[in-house]
Structures are given as C-alpha cells and as structure tokens.
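# Structure assessment
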Amino acid sequence: MSTDSAIQPVAGDIVSVIEDLAPPVLAEQWDNCGLQVGSLQWPVKKVWIALDPLLEVVRAAAGQKVDLLVTHHPLLFKPLRSIDVETPVGKIVETALAGHMAIYSAHTNLDSASEGLNHIFAGLIGLHDLVPMVPCDACEAGSQGGATAGMGRVGRLEHPLTLAELAHRIRIRFNLPAVKIVGEPESMVDRVAVCSGSGSSLLDAFLSSDAQVYLTGDLRYHDARRVEDDGRAMIDVGHFASEHIFIDPLVAHLRRAARHAAWSVDIDPCRIERDPFKWIE
C-alpha cells in the first residue's frame, strides 16, 4: 500500500468493522457495549486490542500513542455521578482523554456473535457441528444475528475422549498450569458445552442440553454439586483464559479489513495483560 493511496480512518470506521462481526443488537440488556470514552470521529493511526481497560493498560496505550483501545470488558457498567480523577475509573478516563484516545467495548455482543468469542473458544478445543447453547431471539437479532448467534456453544468432538484426556488437551492448548474438573476422570465425553467468561448463568441451559461436560470459568461450589448430582462433568479454565483468546483473531480480522480499505493504521494486540490469579505449587 503506497503512502499516497492510504486512507486515514476514524474510530468509527474501525468500530463499524467490529460491529459487522458482533452486531450491538446481540448484546445483553444489562450490558454497556460501545463507546466508553472519546469520540468515534477522532482520527486513528494506532489501535490496541485488550481484554480489560485496566489503568496499566490505558497508561501503556497512551504511552504508545494509541488512538483507539478496543476492549472486551466495558470500562463503564453503571452511570457515574461524578468523574473523580482520584478514583480508578476517573484516572482511566483522565488518562484516555489526556492522550486523545478513544475506548470502545465489544462485550456480550462479541460473546454471542456467530464467529465471536464462543465460536473461537469451541474451535480451540476441536468442537464441530456447533449450535448456540442459548440461541438469540430471532426477532431481536434479525438477519444480523445469523443462525448460529447466541450465548455459549454446544458441539461434538471429532473422537470421544475421557474427561481427563479432554482436561489435559485444554490445559495444553490454553497454556495453563492446571484446570479444575468436576466428574469422573475416566468418563467418556463426545458432546461438550462451552461458555466464555463466567458460565454460572448458563448452567441451566447446559443441564437442559445433551452435552456431557461444561467448559467455562468462575464456577461455584454449588454449581459443581448440581452438575455432580446430574451425573455430568465440568471443567473450569478460569475467566481470563477463556476470554483472552479473542484478541489475536480480532487483530487479524481488523488487519484484513484495513488492508481491503487501504487504511493507514497499525492494529496490534496488547501484550501486557496477565491473569490476576496465580498458581503456587
């Protein structure tokens, strides 16, 4: 791409590509997807993709002169009564605005998108014939949602595995020191349900499905007892590991769009995020 033919996009151009992939109509009603700070009219030369709009991430992005920070988790969930720059959220807003950096969030709309986070999650462990665990309401999603849009996924392994073998595969592919399981390690599994992030809210949907094992994060003690009582299994990979996986695929998707549109923009993953939970052996 020559410099003469390059086009300078604005934040809204990048956001349009994201929202084609993950239409806002797919977001849960309680969620706050979309622009968090800044303006969609601001010109963009550099984009970062991250899981969380943490202060350390925003400061690092501002230091690298990032113009648009795209995160999965929103910065703002509840209305603010004031923007106090001595509070964590206030410091993030101050840092972003001082650096003329917009922050945009694609959260549950990206979770539910046909080729969104849960699709990526299921693909990483080798699931086929995917269907949503909780399909989107066709009237609300319309043609944008697609037949495979919805929360979670249920799919089939190419070959049956024991629960222990599946847990080992997941530990290796997600580069984890360990995973927690519920169920008999030698039980056979061929039908798997997945939900990125915190999966307790979809536990009833899992128990109503024909999946033998539920793969997600943030599982609770009483969730484990319910699954155990039902003769099923669960694997908990943690919230961070189940969602951080969206970053590289979204970077690749945006880079393809930028090349096609002849945009002069750098799009990169944020590489400083770490799981807040640590393992001690």
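Residues numbered from 1 in each chain as written. Predicted model: local features only at pLDDT ≥ 70, side-chain atom pairs only at ≥ 80, totals over all residues. Heavy atoms only, no water.

### Thoughts on the side chain of Ser 242
Our working rule: Under the DSSP-based scheme used, a helix requires at least four consecutive residues in state H or I and a strand at least two consecutive residues in state E, with every element numbered from the N terminus. We call two residues in contact whenever any of their non-hydrogen atoms come within 4.5 Å of each other.
Tracing the chain through its elements places Ser 242 in helix H10 (residues 239–243). Among all residues touching Ser 242, those that are not within four sequence positions of it are Leu 117, Phe 121, Ser 196, Gly 197 and Val 237.

### Regarding the packing of helix H1 (residues 11–21) against helix H11 (residues 247–261)
Stated formally: Lines are fitted to the C-alpha atoms to define the axes, a helix being fitted only along its stretch in contact, and any angle between axes, read from their N-to-C directions, falls within 0 to 180 degrees. Each angle gets one of four labels, with under 35 degrees taken as roughly parallel, over 145 as roughly antiparallel, 65 to 115 as roughly perpendicular, and the rest as oblique. The sense of a crossing depends on the near helix, which, turned anticlockwise from the far helix by less than a right angle, makes the crossing left-handed and, turned clockwise, makes it right-handed. Residue type decides the class: Asp, Glu, Lys and Arg count as charged, Ala, Val, Leu, Ile, Met, Phe, Trp, Tyr, Cys and Pro as nonpolar, and the leftover types, Gly among them, as polar.
Axis separation between H1 and H11 bottoms out at 10 Å; the angle between their running directions is 120°. By the criterion of interaxial angle, the relationship of H1 to H11 is oblique. The hand of the H1/H11 crossing is right-handed. In contact with Ile 14, Val 17, Ile 18 and Leu 21 of H1, H11 contributes Leu 250, His 253, Leu 254 and Ala 257. Taken together, the residues that form the contact of H1 with H11 break down as 7 nonpolar, 1 polar and no charged.

### Observations concerning the environment of Val 15
Note the cut-off: Between buried and exposed lies partly exposed: a residue is buried under 20% and exposed over 50% of the maximum accessible area for its type, with that area taken using a 1.4 Å probe on protein chains only.
Residue placement: Val 15 occurs in helix H1. Residue Val 15 is classed as buried on the basis of its relative accessible area, which comes to 3%. Expressed as a C-alpha distance, the spacing of Val 15 and Ala 102, which sit 87 residues apart in the sequence, is 11 Å. If near-sequence neighbours (up to four positions away) are discounted, Val 15 is found in contact with Leu 40 and Tyr 104.

### Concerning the pattern of salt bridges
Threshold: Think of a salt bridge as a Lys or Arg side-chain nitrogen and an Asp or Glu carboxyl oxygen that are within 4 Å of each other.
Scanning the model with the defined rule gives 8 salt bridges in all. Put simply, Arg 220 and Asp 223 hold a salt bridge, and the shortest N to O gap is 3.3 Å. Looking at Arg 220, the relative accessible area reads 52%, which means it is exposed. Residue class for Asp 223 comes out buried when judged on its relative accessible area of 5%.

### Description of the side chain of Arg 191
Rules: N or O atoms closer than or at 3.5 Å make up a polar contact, with two conditions inside protein: a donor-capable atom paired with an acceptor-capable one, and, for residues adjacent in sequence, both atoms drawn from side chains.
Topologically, Arg 191 is positioned in strand S10 (residues 188–198). The class for Arg 191 is buried, based on a relative accessible area of 12%. Side chain to side chain, Arg 191 and Asp 210 meet in a polar contact 2.9 Å long. Beyond its immediate sequence surroundings of up to four residues, Arg 191 is in contact with Asp 129, Val 131, Val 154, Gly 155, Arg 156, Asp 210, Ala 211, Gln 212 and Val 213.

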